[in-house]
Amino acid sequence: MVLVLALGDLHISHRAPDLPPKFKSMLVPGKIQHILCTGNLCIKEIHDYLRTICPDLHITRGEYDEEARYPETKTLTIGQFKIGICHGHQVIPSGDLDSLAMLQRQLDVDILVTGHTHQFTAYKHEAGVVINPGSATGAYSSITYDVNPSFVLMDIDALRVVVYVYELIDGEVKVDKIDFKKTTTT
Amino acid sequence: MVKKQVPDWLNSSLWSTNTPPPPPPPRHPSPPPSSSVADRKPAVVPEIKPAEPVKVEIRDPLRDGVSSSSSTDHDYNGTPSPTSSTLEDVSKQALLLQEISNKLISLSELRRLASQGIPDGAGVRSTVWKLLLGYLPNDRGLWPSELAKKRSQYKNFKDELLMNPSEIARKKDNSVSVDYDEPRSEGKGLLSRSKITHDEHPLSLGTTSAWNKFFQDTEIIEQIDRDVMRTHPDLHFFSGDTSFAKSNQEALRSILIIFAKLNPGIRYVQGMNEVLAPLFYVFRNDPIEENASSAEADTFFCFVELISGFRDNFCQQLDNSVVGIRSTITKLSQLLKEHDEELWRHLEVTTKVNPQFYAFRWITLLLTQEFTFADSLHIWDILLSDPEGPQETLLRVCCAMLILVRRRLLAGDFTSNLKLLQNYPSTNISHLLYVANKLRSHPVG
């Protein structure tokens, strides 16, 4: 039972001052084993804050990040799943499923976590699953101002992943879940 | 009144073990009960025979756990007598076996026999303790059904309480949806989202959430883990790299976790692992295979029973109350004053050795830390079998411990007395128990 937090596109302190307090109250240290961050934090203080929630932090570079040394993409294995992270501004058209699938095949991962669109989505295709945790602060994107803060928590247990989606809609935290099993052939 | 003359019929090879060890001197300076049961011996002869061949192999679990630390003079290598074939033990064992094999066991008779000490062999202790703690009913015919019931109940506890929330959620899902593994390779598309019931997500802060409870319990579980690792590091039964030791530690861990979850009032307190260890050791070394493999379940219920008598010692809020640990220690103090005023005065008034400094550990851990493991088993025989109840008996034994070293205590000051009492010197346990017996306020026949 490994809990993995995926979030990104916070844009603190350029477009948003901080995470919503309701999210902050839930993110207590000691529960989460890994954090995957798609990028655009943007400042070091947020990096440190995320570190306090969980020491195992993986970040990829977003176009507005002030820290220049984050990698463009990252892959890691948790349990039986290979997971890849990428901010997504490199993928054009942004948010397009086919292009993301191409990236996924390049990285050779089962789950691809990307951001940039500030919209939560979870797609499935032959090669695997693409998850976009959205923007955890609800910061505006280049496409739209209407963004709900959201992030994703994955519960990885052997060959099964339960994805919990946390969204802040009208001031209330709403949680949904998505089940995903890895086919044992891969 | 020790009978030095051994009757001829008793001198046969029937009574000797395979390896003739150096004959131990007659162990007990105290008047052994055998003198009173000597008349009954002839009647008992036919029963001994079947027990004999079992005896030798049974010694091993007790010896194995201790002898592997093969240093001869090491304090922990203390099985009290190297051979079980002393007259006393054989007769005691026979009597106990006879009593247990009755259809309807008389608990008072069993207590009387057990309070003279239970021999180490033939798995007698395991059954006697279970009877004394009320785990086994005294009607022998009910044993199989009782045991089966309790063991399956424990198994249910394990299944329910030791699962992590991820597994709980999976079980719920599996029971709800039947075919889930359908067209997975249906190509592309958005994954379907499903609703969550009752705040059941990992970051939930709700009080009813299984996840929240799980994270709250992790602290206690960590504490239990640490204590289990530290239990009796000198005994191979409990510590080391063997899979046997690991499985025993696992069992201790499960029992303590389930106990903590079922008793939110006292949860887990450091030291409970020490009280649990002898119980599990005895039951796990039961020669009957079925009992040994279900030792975990049996130990759990007996542990609950044992702790329930001493529950108030572990509850911090009750520390200062009439039933708490402080008042128990005061009772010990009173007992000492009653029986040995000079020593009491010297200890508490002159050298100001507050009984809390030494008696706290003696009482809460039921003397498991003061003597060698084998000796503490003998003390527990008395604690569990005495009709006055374990609390009272414990106080008497503690008082006896003080009286036995009175000369050294009277000659010492605060530092040396405290040092002596916190590292109690090894003594002859039978003598200690004899003195404790004499301290009874209502002498038992």
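Residues numbered from 1 in each chain as written. Chains lettered and ligands numbered in written order. Predicted model: local features only at pLDDT ≥ 70, side-chain atom pairs only at ≥ 80, totals over all residues. Heavy atoms only, no water.

Looking at an unreviewed UniProt entry, chain B carries the name TBC1 domain family member 13, with the source organism given as Heracleum sosnowskyi.

In the annotation of an unreviewed UniProt entry, the entry for chain A reads Vacuolar protein sorting-associated protein 29, and the organism field reads Heracleum sosnowskyi. Of the comments in the UniProt record for chain A, the one headed Sequence similarities (unreviewed entry) reads "Belongs to the VPS29 family." (UniProt positions renumbered as here; feature names shortened; annotations may be inferred.)

Colleague: Would you explain the overall build of chain A in this entry?
Modeller: Secondary structure summary: chain A contains three helices and eleven strands in total. Put simply, chain A runs from its N terminus to its C terminus through helices and strands in the order β-α-β-α-β-β-β-α-β-β-β-β-β-β. Scaling as 2.2 N^0.38, a compact globule of 186 residues should have a C-alpha radius of gyration of about 16 Å, and chain A matches this with 15 Å. Principal axes of the C-alpha set define a box for chain A whose edges measure 45 × 35 × 35 Å. Long-range pairs, those at least 24 residues apart, make up 54% of the contacts in chain A between residues at least 6 apart in sequence. Split by element, the accessible area of chain A, about 7600 Å² in all, is 52% carbon and sulfur. In chain A, which carries 17 positive and 23 negative side-chain charges, the distance between the mean positions of the two groups comes to 5 Å. (Helix = DSSP H or I, 4+ residues; strand = E, 2+ residues; numbered from the N terminus. Rg over C-alpha atoms; globule rule 2.2 N^0.38 Å. Contact = heavy atoms within 4.5 Å. Areas by Shrake-Rupley, 256 points an atom, 1.4 Å probe, with all protein chains shown as cover. Lys, Arg positive; Asp, Glu negative; His and termini not counted. Charge placed at Lys NZ, Arg CZ, Asp CG, Glu CD.)

Colleague: When you look at the confidence of the model for chain B in this model, what are you seeing that I'm missing?
Modeller: Predicted coordinates in areas of low pLDDT are best not read in detail. All names here are of chain B. Confidence in the prediction for chain B averages 75 pLDDT; 76% of positions are at 70 or higher. Summarising per-element confidence for chain B, the mean pLDDT is lowest in helix H2 (residues 41-67) (39) and highest in helix H9 (residues 243-262) (90). In the model, residues 178-186 has pLDDT below 50 throughout and makes seven contacts with residues more than four positions away in sequence or in other chains. Interface confidence for the predicted complex, given as ipTM, is 0.79, next to a pTM of 0.71. (pLDDT = per-residue confidence, 0-100.)

Colleague: Help me understand the interface of chain A and chain B in this model?
Modeller: In many reports, interface size means the accessible area that the parts give up when they come together. With 33 residues of chain A at the contact, the number on the chain B side is 28 residues. Buried surface at the junction of chain A and chain B, both sides included, amounts to about 3000 Å², of which 58% is carbon and sulfur. Counting the contacts that link chain A with chain B gives zero salt bridges. Considering each element in turn, the side of chain A that touches chain B owes the most residues, seven residues, to strand E11 (residues 172-181) of chain A. When the residues that make up the side of chain A that touches chain B are grouped by side-chain class, the tally is 18 nonpolar, three polar and twelve charged. The pairing of strand E7 (residues 120-125) of chain A with strand E1 (residues 189-190) of chain B spans two bridges and is classified as antiparallel. The partner of Lys 124 of chain A across the bridge, within E1 of chain B, is Gly 189 of chain B. (Buried area = accessible area lost by both parts, 1.4 Å probe. Salt bridge = Lys/Arg side-chain N within 4 Å of Asp/Glu carboxyl O. Nonpolar A, V, L, I, M, F, W, Y, C, P; charged D, E, K, R; others polar. Pairing = 2+ DSSP bridges.)

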